[in-house]
Amino acid sequence: MVDTDMTKIQLTPMLDIDEITEILANVPDPEVPVLTLNDLGIIRDISVDKQAGSITVTLTPTYIGCPATSAIRKMVSDALLDAGYPKPILKEQLVPAWSTDWITPEGIVKLEDYGIAPPGSDDDNEPKRCPHCGSDSYQVVSHFGSTACKSLYKCLECKEPFEYFKCH
Ligand SMILES: [Zn+2]
């Protein structure tokens, strides 16, 4: 886009932390687009350096080596650039490691609506129930679903296949 309006070009973006938080919170997860980064609970810190005009965003990747991590970084960068924030700096915080416990209750509901079983407890790492009919009678089909972060299951009650977001 060519912008010939000089007043716009000369505008220094306001580093509004609330607006930045809002922008980041609404970035979708590249693998499960119904979930936002906020639902996943992976945004650890947002800080602004008013003098340098830069924003530093600290994220915890959902899964070490997960291909989605680089996609998430790019989406966060792009979202900030699109909103006119010129210097996004992305950092990763690996400790403590993300766990499915960090997914917000709202995120769990969205996952289930999307047909992905909500995470069970950390101990067994098994789905709580079939997202389609709620049955807890299922069998594993493959430990690797459409991505390395998901396993594929089949419900023994409604016979529907479903994915489980394991990610740890
Ligand atoms: Zn079912």
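Parameters and conventions
- Residues numbered from 1 in each chain as written.
- Predicted model: local features only at pLDDT ≥ 70, side-chain atom pairs only at ≥ 80, totals over all residues.
- Heavy atoms only, no water.
- Donors = N, O, S within 2.8 Å, 3.2 Å for Na, K, Ca; no water.
- Tetrahedral: all angles 85-135°; square planar, octahedral: opposite > 155°, others 65-115°.
- Core = buried A, V, L, I, M, F, W, Y, C linked by side-chain atoms within 4.5 Å.
- Buried < 20%, exposed > 50% of the residue type's maximum accessible area, 1.4 Å probe, protein only.
- Helix = DSSP H or I, 4+ residues; strand = E, 2+ residues; numbered from the N terminus.
- Domains from an automatic or database assignment.
- Arc of directions from axis to C-beta.
- pLDDT = per-residue confidence, 0-100.
- Contact = heavy atoms within 4.5 Å.

Draft legend 1. Main features of the coordination of the zinc ion. Distances from the zinc ion to its protein donors, namely Cys 130 (SG), Cys 133 (SG), Cys 155 (SG) and Cys 158 (SG), fall within the range 2.3 Å. For the zinc ion, the 4 donor atoms are set out with angles of 106 to 113° between them, so the coordination reads as tetrahedral. Read in sequence order, the donor residues for the zinc ion give the motif C-x2-C-x21-C-x2-C.

Draft legend 2. Inspection of the nonpolar core at higher detail. Judged by nonpolar contacts, the single largest core of 26 residues is most densely connected at Val 76 and Leu 80. Counting only elements with at least two residues in this core, the list comes to helix 2 (17-25), helix 3 (37-40), strand 1 (43-49), strand 2 (54-59) and helix 4 (68-82). The biggest single contributor to this core is helix 4, with 4 residues. Among the domains, domain 1 (17-98) and domain 2 (103-165) are the pair contributing at least three residues each to this core.

Draft legend 3. Molecular detail of helix 5 (residues 105-113). All of the buried residues in helix 5 are Gly 107, Leu 111 and Glu 112. Down the axis of helix 5, the buried set is contained in an arc of 135°. They therefore lie on one face. Among the exposed residues of helix 5, those pointing more than 90 degrees away from its buried face are Pro 105, Glu 106 and Asp 113. Among the residues trailing helix 5, Gly 115 stands out with phi positive, at a value near 90°.

Draft legend 4. Spotlight on the confidence of the model for the chain. In this model, the chain carries a mean pLDDT of 84, and residues with pLDDT of at least 70 account for 83%. For the stretch residues 6-10, pLDDT sits under 50, and the model shows 2 contacts to residues farther than four places along the chain or on other chains.

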